[in-house]
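Analysis of the macromolecular model
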Amino acid sequence: MIDLLKQILYSDLGNSFYNAALLIFRVLLAIELFRVHGMKKFRVENGQREHVPNPLHLPEKLNGLVATFSDTVVPFLIMLGIGTRLVILPTIGVTAIGYFVVHRKDSLEVRDVPYMYTLSLLFILALGAGKYSLDYYLLNLI
């Protein structure tokens, strides 16, 4: 079981420059995700909260919970590098559904945002959090 966790969570890009670049990319992406999309979950405009599309027709509470978790909690876990490859999976799902389903008929300018988030999150999924993350330090304690 510990070996499986290490395979999923361990990530080291080989040198300090690459690991630092991944840290900066990870942190800046997470800040932007929270600032732009996460903060909308807390704001009330015109007496109403943000409407979260539900193209998969999930139960409304589950749909709202996944979207809120993906935009508010996940960015902080990405910044810290905790369970990074696992925690970004719901956010990849939300952004990919935004691109392929919700905005499929919109202009490229509108579709660009979920597309770029999906690509960026897939990049982090492939590389992991890197050496400068809590994943790396916690796995080295085991």
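Before going into details, it helps to say that this report is about the structure given with it. Computed from a prediction, not measured in an experiment: that's the story for all the values here.

What to know about the overall build of the protein
Check the secondary structure of the protein and you find 6 helices and 2 strands. Taken from the N to the C terminus, the helices and strands of the protein come in the order α-α-β-β-α-α-α-α. Summarising its shape, the C-alpha atoms of the protein cover approximately 50 × 30 × 25 Å along the three principal directions. On the protein, roughly 8800 Å² of surface is accessible, and the fraction owed to carbon and sulfur atoms is 68%. Each charge class in the protein can be summarised by its mean position, and for the 13 positive and 11 negative side chains these summaries are 2 Å apart.

Thoughts on unusual backbone geometry
Trans peptide bonds make up most of the peptide bonds, and negative phi angles are found at most residues other than glycine. Within the chain, His57 stands out as a residue other than glycine whose phi angle is a positive 55°. You can see His57 is positioned in the loop between strand E2 (48–49) and helix H3 (60–80). Take His57: its relative accessible area is 69%, and that puts it in the exposed class.

Notes on the packing of aromatic side chains
Overall, the coordinates contain 7 aromatic pairs when judged by the stated rule. When the ring of Phe17 is compared with that of Tyr18, the centres are 5.9 Å apart and the planes differ by 65°; the resulting orientation is edge-to-face. Relative to Tyr115, the ring of Tyr99 has its centre 5.2 Å away and its plane inclined at 45°; by these criteria the two rings are tilted. With Tyr99 in helix H4 (residues 84–102) and Tyr115 in helix H5 (residues 108–127), this pair connects stretches of sequence that are 16 residues apart. In this structure, Arg111 is placed above the aromatic ring of Tyr99, and the distance from its NZ or CZ to the ring centre is 4.2 Å.

The rules behind each value
Residues numbered from 1 in each chain as written. Predicted model: local features only at pLDDT ≥ 70, side-chain atom pairs only at ≥ 80, totals over all residues. Heavy atoms only, no water. Helix = DSSP H or I, 4+ residues; strand = E, 2+ residues; numbered from the N terminus. Areas by Shrake-Rupley, 256 points an atom, 1.4 Å probe, with all protein chains shown as cover. Lys, Arg positive; Asp, Glu negative; His and termini not counted. Charge placed at Lys NZ, Arg CZ, Asp CG, Glu CD. Buried < 20%, exposed > 50% of the residue type's maximum accessible area, 1.4 Å probe, protein only. Phe/Tyr/Trp six-rings, centres within 6.5 Å; stacked < 30°, edge-to-face > 60°. Lys NZ or Arg CZ within 6 Å of the ring centre and 35° of its normal.

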